[in-house]
Amino acid sequence: MDSNRKYQFSWELLGDLELGRPNLGNHTRLEVYRLMQFTFRDVIEHKFGTEVADTVFYEAGKLAGSAFYQHVMGQVNDLHDFVRQLQRTLREMGIGILRVEKADAERGEFVLTVSEDLDCSGLPELGHGVCTYDEGFIAALMESFSGQKFEVKEVDCWCTGDRTCRFTAHTLD
Ligand SMILES: [Zn+2]
């Protein structure tokens, strides 16, 4: 732990919810999650600009993805296992419905879709995607699984008028 840091992330910061929320449990309304995400993004952009806001969201998504892989995903042996596990956990946790449209492991090229996405499904059309956090999240999951660096880009989003979020992922070498 870096002693100069006040807010370094650890999985323990998610807390003991059985102890802490005996009546309310581990659920909240999705609006509350979105309220936090979109107000954070507003303030970061206002203070530091759009590029920094995007970088912060992508990097935070990566931090989340690698912690998620470590603490939630469990043992996976091959790509098929990885996809099936990920589909199951994303669905069980109410994050989204994952499909793999293209998987070329040899060339390191993938196309994934996430429907009913936690971050954007049902938002107004904005003319640009908003799932920067998801991009980082998916990149870290793929990196954790494969040991290779990935770049992930959202190419379709609810906010661009599509009914699913579509992400391209490719290895960086
Ligand atoms: Zn989206």
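Details of the structure are given in the entry above.
Asks: How do you make sense of the overall build of the protein chain when you look at a structure like this?
Replies: Within the protein chain, the secondary structure is distributed over 5 helices and 4 strands. Listing each helix as α and each strand as β along the protein chain from the N terminus yields α-α-α-α-β-β-α-β-β. Against the globule reference of 16 Å for 173 residues, the protein chain gives a C-alpha radius of gyration of 17 Å, in line with a compact fold. Referenced to the eigenvectors of the C-alpha coordinate spread, the extents of the protein chain come out at roughly 45 × 40 × 35 Å. Out of the 173 residues belonging to the protein chain, those deemed buried represent 36%. For the protein chain, long-range pairs separated by at least 24 residues make up 53% of all intrachain contacts whose partners lie at least 6 apart in sequence. Within the structure as shown, the protein chain displays about 11300 Å² of accessible surface, and the carbon and sulfur contribution to it stands at 53%. Positive and negative charge centroids in the protein chain, built from 18 and 29 side chains respectively, lie 3 Å apart.

Asks: Help me understand the coordination of the zinc ion in this model?
Replies: The textbook angles at a metal center are 109.5 degrees for a tetrahedron of four donors and 90 or 180 degrees for an octahedron of six. Every protein donor of the zinc ion is accounted for by C120 (SG), C131 (SG), E154 (OE), C157 (SG) and C165 (SG), and the metal-donor separations fall at 2.2 to 2.7 Å. Mapping the donors of the zinc ion onto the primary sequence gives the spacing C-x10-C-x22-E-x2-C-x7-C. With C120 in the loop between β2 (109-115) and α5 (132-146) and C157 in the loop between β3 (149-156) and β4 (165-172), the pair connects residues that are 37 residues apart, well separated along the chain. Judged by relative accessible area, C157 falls into the buried class, the value being 0%.

Asks: Is there a simple way to explain the packing of helix α4 (residues 79-92) against α5 in this structure?
Replies: Any two packed helices are characterised by how steeply their axes cross, that is the angle between the axes, and by the distance between the axes. Two numbers describe how α4 lies on α5: the axes approach to 11 Å, and their chain directions differ by 145°. Where α4 crosses over α5, the two elements pack in a sense that is right-handed. Counted together, L79, F82, L86 and L90 of α4 and F137, L141, M142 and F145 of α5 form the full contact between these two elements. Of the residues that constitute the contact of α4 with α5, the class distribution is 8 nonpolar, no polar and no charged.

Calculation criteria
Residues numbered from 1 in each chain as written. Predicted model: local features only at pLDDT ≥ 70, side-chain atom pairs only at ≥ 80, totals over all residues. Heavy atoms only, no water. Helix = DSSP H or I, 4+ residues; strand = E, 2+ residues; numbered from the N terminus. Rg over C-alpha atoms; globule rule 2.2 N^0.38 Å. Buried < 20%, exposed > 50% of the residue type's maximum accessible area, 1.4 Å probe, protein only. Contact = heavy atoms within 4.5 Å. Areas by Shrake-Rupley, 256 points an atom, 1.4 Å probe, with all protein chains shown as cover. Lys, Arg positive; Asp, Glu negative; His and termini not counted. Charge placed at Lys NZ, Arg CZ, Asp CG, Glu CD. Donors = N, O, S within 2.8 Å, 3.2 Å for Na, K, Ca; no water. Axes fitted to C-alpha atoms, helices over the stretch in contact; angles between N-to-C directions. Left-handed = near helix turned anticlockwise from the far one by under 90°. Nonpolar A, V, L, I, M, F, W, Y, C, P; charged D, E, K, R; others polar.

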